[in-house]
Amino acid sequence: MNKARVIITIIIVVLALSLSGCMGTEPNEIAYIVALGIDEGDNDSYKITVQYAKTAQISGGASEEGGKAGSEIVDNVTVEAPNIYSGIGTANYIVSKTFSLSHAKLIVFSEEVAEKGLKSLIETFARSDELRPDVFIAVAVGGANEYLTSVNPEMEVNPAQYYQLIYQKNNLMGIPSGEAKDFFFGISTGDYDSIIPVAGVIETQESDGSGSESSESGGSEGGGESGGGDSEGGGESSRQEGDNEKEKEARLNKNNFEYNIKNYIAGEASVEKKNKSEEIGSAIFEDDKMVGLLGSVETEICQLINGDYTYSYMTFYDEENPEIPATIKAAQEKKPKYNIDLDNKRIEIELFIEGDLYSLPSEYNVENRLEKFEEEAQSDISEACTEFINNFFEKYNSDIFNLKRKTKSKFMTNAEYEEFKESVDFKEYEISVKANFKIRRTGLVIKEEK
């Protein structure tokens, strides 16, 4: 018995010693990829931009203190290759360390690549044992390489955290959720189509120190031209330093819901900052191919209909004060209710929204006409959502609202459901959206009518 114990003890010691040794690649030999950009290349290849963290410049990991920030914490390598992994393999020869996708947060595609289809690329990612299924995907207007090279995260010392924070803002208006796993399941099952974030680059006018202006971040031609209106001061341009050249292209929403709010797509916001990258709006897909872009207001409506709206600010036109819109902080009280009548081809969607008053004219006595305000806002939301979803199906054959999947319970067999998915055309349906809207009463200031 003692001999058996001695043998077991020796085996345990030997195994423990073998486990204490270092196996595989050392951490200081790895270059951690934080984002990948995919553009069209020559001869049916891709131009692949590998953005990786410069770990020597980052102090304290995800800490907000110490270390460098901005463009100094990331670097980019661009290669041409027939697929993603051959591109990463080629990039491995360029830098001393070995690339790893285990910490990648974002994969961004150019419009051209997205329009041709992402199925083969997404399936490649799904087979990866390094990429996480919740990695974010996006479409870059103007090109993936241009977007990634413009990223300058001044407020972060960890580039992976920067992308995590930016693309998790889908709980606010203006940017949808864009996880690769959701896109993969959509194209694999055919139950729904995808809507993913849009990325872009702000083009601003910067002074060159000699009184003239030059365009940064791939600015437009004729940088010295006026952005509209007569110039003052002996021919001096009315465009100001820091103006975004694309901002004038943004569509102004004149509907009563989100009244006078610009329907921004990434790159159009009028923002003065060192970081020229921007994420606003959404890309619409039919199966795996991109078919259109939506602005921030349209994306917000999609989030309301899909039940993905958490909270944000809503702006409403008021006939008593048309020059000063009323703003509330709104939240989706509960998920929307869908009533789908396949026989009569009718769909009714009911929304549940509540909010707090935030911005009003000083003389505006909304508290004493609260019920009327609620009715007007409710009507504005219903009208905007109904108009949008019907116009959407007239233009696109894309089910970004998950309507097909919501009909599953109406079929006895999967074969019947599959047949329905192949033949359904939602523009033949009568679709209406009803919004239930309430202002929270707690804390209201009651004013006396004069």
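Here is what the cut-offs are and how they apply
Residues numbered from 1 in each chain as written. Predicted model: local features only at pLDDT ≥ 70, side-chain atom pairs only at ≥ 80, totals over all residues. Heavy atoms only, no water. Helix = DSSP H or I, 4+ residues; strand = E, 2+ residues; numbered from the N terminus. Contact = heavy atoms within 4.5 Å. Areas by Shrake-Rupley, 256 points an atom, 1.4 Å probe, with all protein chains shown as cover. Axes fitted to C-alpha atoms, helices over the stretch in contact; angles between N-to-C directions. Parallel < 35°, antiparallel > 145°, perpendicular 65-115°, else oblique. Left-handed = near helix turned anticlockwise from the far one by under 90°. Pairing = 2+ DSSP bridges. Nonpolar A, V, L, I, M, F, W, Y, C, P; charged D, E, K, R; others polar. Buried < 20%, exposed > 50% of the residue type's maximum accessible area, 1.4 Å probe, protein only. Arc of directions from axis to C-beta. Core = buried A, V, L, I, M, F, W, Y, C linked by side-chain atoms within 4.5 Å. Phe/Tyr/Trp six-rings, centres within 6.5 Å; stacked < 30°, edge-to-face > 60°. Lys NZ or Arg CZ within 6 Å of the ring centre and 35° of its normal. Polar contact = N/O pair within 3.5 Å; in protein donor to acceptor, adjacent residues only side chain to side chain. Disulfide = S-S within 2.5 Å.

Q: Outline the overall build of the protein, listing residues and values.
A: Counting its regular elements, the protein contains 10 helices and 17 strands. Contacts spanning at least 24 positions in sequence make up 70% of the contacts within the protein whose residues lie at least 6 apart. Of the roughly 22,900 Å² of accessible surface on the protein, 47% is carried by carbon and sulfur atoms.

Q: Give a detailed account of the packing of helix α4 (residues 119-127) against helix α7 (residues 180-189), specifying residues and quantitative values.
A: With their axes 10 Å apart at the nearest point, α4 and α7 run at an angle of 120 degrees to one another. One element, α4, and the other, α7, form an angle in the oblique class. You can see that α4 and α7 cross each other, and the crossing is left-handed. For the pair formed by α4 and α7, the contact residues are Lys 119, Ile 122, Glu 123 and Ala 126 on the first element and Phe 183, Phe 184 and Ile 187 on the second.

Q: An account of the pairing of strand β16 (residues 346-359) is needed here, citing residue identities and associated values.
A: By the bridge criterion, 12 bridges tie strand β15 (residues 326-341) to β16 in an arrangement that is antiparallel. Considered in β16, the bridge of Ala 331 is made with Glu 354. For β16 and strand β17 (residues 430-439), the ladder comprises 10 bridges, and the chain directions are parallel. In the strand pairing of β17, Ile 353 is matched with Phe 437.

Q: Tell me what's going on with the packing of helix α8 (residues 296-306) against helix α9 (residues 370-395), and back it up with residues and numbers.
A: Think of two packed helices as two axes; the pair is described by the angle between the axes and how far apart they sit. Between α8 and α9, the least distance of the axes is 10 Å, while the angle of their chain directions is 100 degrees. Considered as vectors, α8 and α9 are oriented roughly perpendicular to each other. Across the interface between the two elements, Glu 298, Ile 301, Cys 302, Leu 304 and Ile 305 from α8 touch Ala 384, Cys 385, Phe 388 and Ile 389 from α9. Taken together, the residues that form the contact of α8 with α9 break down as 8 nonpolar, no polar and 1 charged.

Q: Mind laying out α4, listing which residues take part and the relevant values?
A: Residues Leu 121, Ile 122 and Phe 125 constitute the buried set of α4. For α4, the arc enclosing every buried residue in end-on projection is 95 degrees, short of the 170-degree limit, so these residues lie on one face.

Q: Explain the nonpolar core to me, using residue names and the numbers behind them.
A: With 45 residues, the main nonpolar core has Met 314, Ile 328, Leu 351, Ile 381 and Phe 401 as its most contacted residues. Among the elements of the structure, α8, β14 (311-316), β15, β16, α9, α10 (414-423) and β17 are those that each provide at least two residues to this core. For this core, the leading source of residues is α9, giving 10 residues. Discounting chain neighbours no more than four positions away, the residues touching Leu 351 are Leu 304, Ile 305, Gln 332, Pro 336, Ile 381, Cys 385, Val 433, Lys 434, Ala 435 and Asn 436. Ile 38, Ala 104, Phe 109 and Ala 180 belong to the second-largest nonpolar core, a separate cluster that totals 41 residues.

Q: Now, about α7: what can you tell me, with residues and values included?
A: Within α7, the full set of buried residues consists of Ala 180, Phe 183, Gly 186 and Ile 187. Looking down the long axis of α7, one finds its buried residues gathered within 125 degrees of arc, a one-sided arrangement. Summarising the contacts, the buried residues of α7 are in contact with α4, β6 (136-140), β7 (195-201) and β12 (277-286). Trailing α7 by a residue or two, Gly 190 shows a phi angle of about 75 degrees, which is positive.

Q: Please provide a residue-by-residue account of the packing of aromatic side chains, values included.
A: The tally for this structure, following the rule as stated, stands at 21 aromatic pairs. An aromatic cluster is built from Phe 388, Phe 392, Phe 393, Tyr 396, Phe 401, Phe 426 and Tyr 429, whose rings are joined through pairwise contacts. Across the ring face of Phe 352, the terminal group of Lys 334 is positioned such that the distance to the ring centre comes to 4.4 Å.

Q: Provide a residue-level description of the environment of Asp 193, including the pertinent values.
A: Examined against the element boundaries, Asp 193 turns out to sit in the loop between α7 and β7. Aside from chain neighbours lying at most four places away, what touches Asp 193 is Phe 285, Glu 286, Asp 287, Asn 397, Ser 398, Asp 399, Ile 400 and Lys 404. A distance of 2.7 Å separates a polar atom in the side chain of Asp 193 from the backbone nitrogen of Asp 287. Only 2.6 Å separates the side chain of Asp 193 from the backbone nitrogen of Asp 399, close enough to count as a polar contact.

Q: Which residues make up unusual backbone geometry, and what are the values?
A: Its identity as a non-glycine residue notwithstanding, Asn 260 has a phi of 65 degrees, on the positive side. Relative to the elements of secondary structure, Asn 260 occurs in the loop between β10 (251-252) and β11 (262-263). According to the relative accessible area criterion, Asn 260 is partly exposed, its value standing at 37%.

Q: Give a detailed account of the side chain of Asn 263, specifying residues and quantitative values.
A: Counting through the fold element by element, Asn 263 comes out in strand β11. Asn 263 sits in the buried class, given a relative accessible area of 6%. A polar side-chain atom of Asn 263 sits 3.1 Å from the main-chain amide nitrogen of Ser 296. Among the polar contacts listed, one links the side chain of Asn 263 to the side chain of Glu 298, at a separation of 3.2 Å. Residues in contact with Asn 263, not counting those within four places in the same chain, are Arg 251, Glu 268, Gly 295, Ser 296, Val 297 and Glu 298.

Q: An account of the state of the cysteines is requested, with residue identities and associated values reported.
A: What the rule picks out here adds up to 0 disulfides. Free cysteine Cys 302: the closest other cysteine sulfur is in Cys 385, separated by 9.2 Å. Owing to a relative accessible area of 2%, Cys 302 belongs among the buried residues under this scheme.

Q: Just give me the short version of the sheet that holds β15, but keep the residues and values in it.
A: Taken together, the 4 strands give an open sheet; going across it, the order is β14-β15-β16-β17, and neighbouring strands pair in mixed fashion. Either end of the sheet is taken by a strand with one partner, and the two such strands are β14 and β17. Pairs of neighbouring strands in the sheet enclose a mean axial angle of 40 degrees, with direction left out of account. Relative to the sheet, α8 contacts β14, β15 and β16, its axis offset from that of β15 by approximately 50 degrees.

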